[in-house]
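The lines below spell out each chain.
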Amino acid sequence: MACQVRTPFLYVVASIAFCLVFYHHYLRDGITTATATFSFLQLSPSPTPTSNYAISDTLTAVAVAPAPAPAPSYAITENLPAAAPPNSAIIENLTAVHFVNPPPPLPPSPISTTSILLPGWEVFVIVPRGKYSSDPNGDFCLFDNNEVSPAKYFGRLPFPDRATFICPLPLHARRRLPFKQPLLTKSPMHPPKTNDFSWPLLLQWSHLVYDSLTTNDDVVLFVKGVNIHQGTNRKPRELRCVFGDDASTGVRTSVTTSMQEVFRCPRPQQIAVPPAGGDAEPIKLSLEIVTENKVVPSVAYYTVPPRRLESKKQKSLLCANTMVYNVAKFLREWVIYHSKIGVEKFLLYDNGSDDDLQQVVEDLVKEGFDISTYFWAWPKTQEAGFSHAAIYAKEVCKWIIYIDVDEFVYSPSWDNLSKPSTSLLQSLLARNSSKFGQISINCREFGPSNQRVHPVMGVTQGYHCRRRHHNRHKSIVLLDAIDVSLLNVVHHFRLRRGYKTKRLISDHIVVNHYKYQAWPEFRAKFRRRVSAYVLDWTQKLNPKSHDRAPGLGFSAVEPEGWPQKFCEVHDHGLKDLARKWFGMESGSDSGSGYQMAWQR
């Protein structure tokens, strides 16, 4: 019995002893060698560019460092006999092969930005000039509490050229006062060390110099938070324009006009301000409230020469200006129609569209239409945008009609014409007496007309039922007649002394405003409407404004019976006329047998 127990016991002891010896002589040495290989790297250039391996009878671990041709490759060796040069060979007793890869490239350094807190907890991020040239995708905003949010490319501000992004302010960052400006980064998983970074305060949209224009004689500033109440404006003597980054040493000029968000002041003497433009550093431009010893924060700059819309063509008699956001599906109809009745040039102030607007514009330009876009990033600034356009386009346009892309000029007197003519609108201007500087046209508001989606043949064909009485008006303005203050309210301007406004009667000519469209289209406008009088549709402010839809509450929820709303008069006037002018026979695949010229 004892013998039977002793024999297996001896086998077990012998096995353990064998494992210990094997570990001591082989495995431990192999692990130690591999560790030493990476702890004490000895790089020696290989005599043959393709040699990446070393020959060794005793080598238990070899690390190979590949290198791109034609640079010399290197072999990492240990215990290599001096007489044996590195070469490609079959390696016996090779326990492990390690490839030494070059370290991954470091992510781009984060970019310090100038950022503004917009309504709806959106952060508008402006990248300094020349600091951003890479692909505008995959960016993130990094905040002072190490929270990140995706940064969506928004567009490029002109004068000077700067890339912009929009990112939401993270929830936890909203609870940390004061709010700080973010960094722009492409590496949210590996945030940089920012212990030594000074986080500037986030600028507030409610108190900001956001844009400017330089003319031949003066500078025009667009400023939030100075003239706060509608109809109440600070006196010019209470204000100063400040040229320079440092307000304490900046050059100051007096303010000549102060109306709404528009302020004007003389340009400084050339010797007082360094040259601007070209490669020179742009000069910050701001507004000082003298009575409060306060300078309004600014993202605007002073540039020379004057900024103006450029055109290779001669000055147009009539241009159209509007502010747009995601109107690609509507634009062709609006441009084609109005170009045929007398509009020669179209100037679109793009409020940050993210549809295929630019592609539609490019296609129309290729077809011969004269269209320009201007990136106007600022929300709820329609009137300031109109003032800006009156200065910016003055050298290329004599008159401007201010209408939106859902508004179409129509006269019943045109019904008998077999085809449109550019003289239809231009004749209004030619017959105009020299004392009239503005022509106002009443608007008729059309309802959904039982449409539940956007009509494929366009708004003129899909919407034909309207409200009985007109609401609001739109204007055609002689730019030379506009008052120096650039004051405009609800699509009409204050005129210089000696000029008058001519108001046309609705029986003669109207603007068909396809305002209350199919619910998906109207809902898209709910938050983005650019009216200066209804800043936020979800707030119960200014509830009697004509910009609000009657019967619509304070949330984007479809009211009961929406497709039948605002239908008091069936009006097929423009629908029938547009079909006669622009309708074309279509192939057999079309259910109606015809299509409109603007359909693709």
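Structure first, text after, so check above.
Description of the structure in this document. Please read all numbers here as calculations on a predicted model, not as lab measurements.

Conventions used here
- Residues numbered from 1 in each chain as written.
- Predicted model: local features only at pLDDT ≥ 70, side-chain atom pairs only at ≥ 80, totals over all residues.
- Heavy atoms only, no water.
- Helix = DSSP H or I, 4+ residues; strand = E, 2+ residues; numbered from the N terminus.
- Buried < 20%, exposed > 50% of the residue type's maximum accessible area, 1.4 Å probe, protein only.
- Polar contact = N/O pair within 3.5 Å; in protein donor to acceptor, adjacent residues only side chain to side chain.
- Contact = heavy atoms within 4.5 Å.
- Axes fitted to C-alpha atoms, helices over the stretch in contact; angles between N-to-C directions.
- Parallel < 35°, antiparallel > 145°, perpendicular 65-115°, else oblique.
- Nonpolar A, V, L, I, M, F, W, Y, C, P; charged D, E, K, R; others polar.
- Arc of directions from axis to C-beta.
- Disulfide = S-S within 2.5 Å.

## Observations regarding the side chain of Ser339
On the secondary structure map, Ser339 appears in helix α2 (residues 328–340). Residue classification places Ser339 among the buried residues on the basis of a relative accessible area of 13%. A polar atom in the side chain of Ser339 sits 3.0 Å from the backbone oxygen of Ile336.

## Let's talk about the environment of Val396
Relative to the helices and strands, Val396 is located in the loop between α4 (382–392) and β25 (397–402). Under the relative-accessibility criterion, Val396 is labelled buried at 8%. As for Val396 and Ser316, which are separated by 80 residues in sequence, their C-alpha atoms are 6.0 Å apart. Those residues in contact with Val396 that lie beyond four places of it in its chain are Leu309, Glu310, Ser311, Lys315, Ser316, Cys319 and Lys345.

## With respect to the packing of α2 against helix α8 (residues 573–582)
For the pair α2 and α8, interaxial distance at closest approach is 12 Å and the crossing angle is 80 degrees. The pairing of α2 with α8 is recorded here as roughly perpendicular in orientation. From α2, Ile336, Tyr337 and Lys340 reach across to α8, where they touch Leu574, Trp581 and Phe582. Taken together, the residues of the contact of α2 with α8 break down into five nonpolar, no polar and one charged.

## A closer look at α8
Residues that lie three or four places apart on an α-helix share one face, since the helix turns once every 3.6 residues. Among all positions of α8, only Gly573, Leu574, Leu577, Ala578, Trp581 and Phe582 are buried. Projection of α8 onto a plane perpendicular to its axis shows the buried side chains occupying an angular sector of 115 degrees, all on one side.

## Observations concerning the state of the cysteines
Counted under the stated rule, the structure contains four disulfides. Bridging Cys141 to Cys167, the disulfide has an S-S length of 2.3 Å. Between Cys141 and Cys167 the sulfur-sulfur dihedral comes to about -95 degrees; the bridge is accordingly left-handed. Placement of Cys141 in strand β8 (residues 139–142) and of Cys167 in strand β10 (residues 162–168) is noted, with a sequence separation of 26 residues between them. The class of Cys141 is buried, set by a relative accessible area of 0%. Using a relative accessible area of 0% as the deciding quantity, one classes Cys167 as buried. Each sulfur in the disulfide pair Cys465 and Cys567 lies 1.7 Å from the other. Measuring handedness by torsion sign, the sulfur bridge of Cys465 and Cys567 sits at about 75 degrees and is right-handed. Placement of Cys465 in strand β28 (residues 465–466) and of Cys567 in the loop between α7 (519–528) and β34 (569–570) is noted, with a sequence separation of 102 residues between them. Among the residues examined, Cys567 registers a relative accessible area of 36% and is labelled partly exposed.

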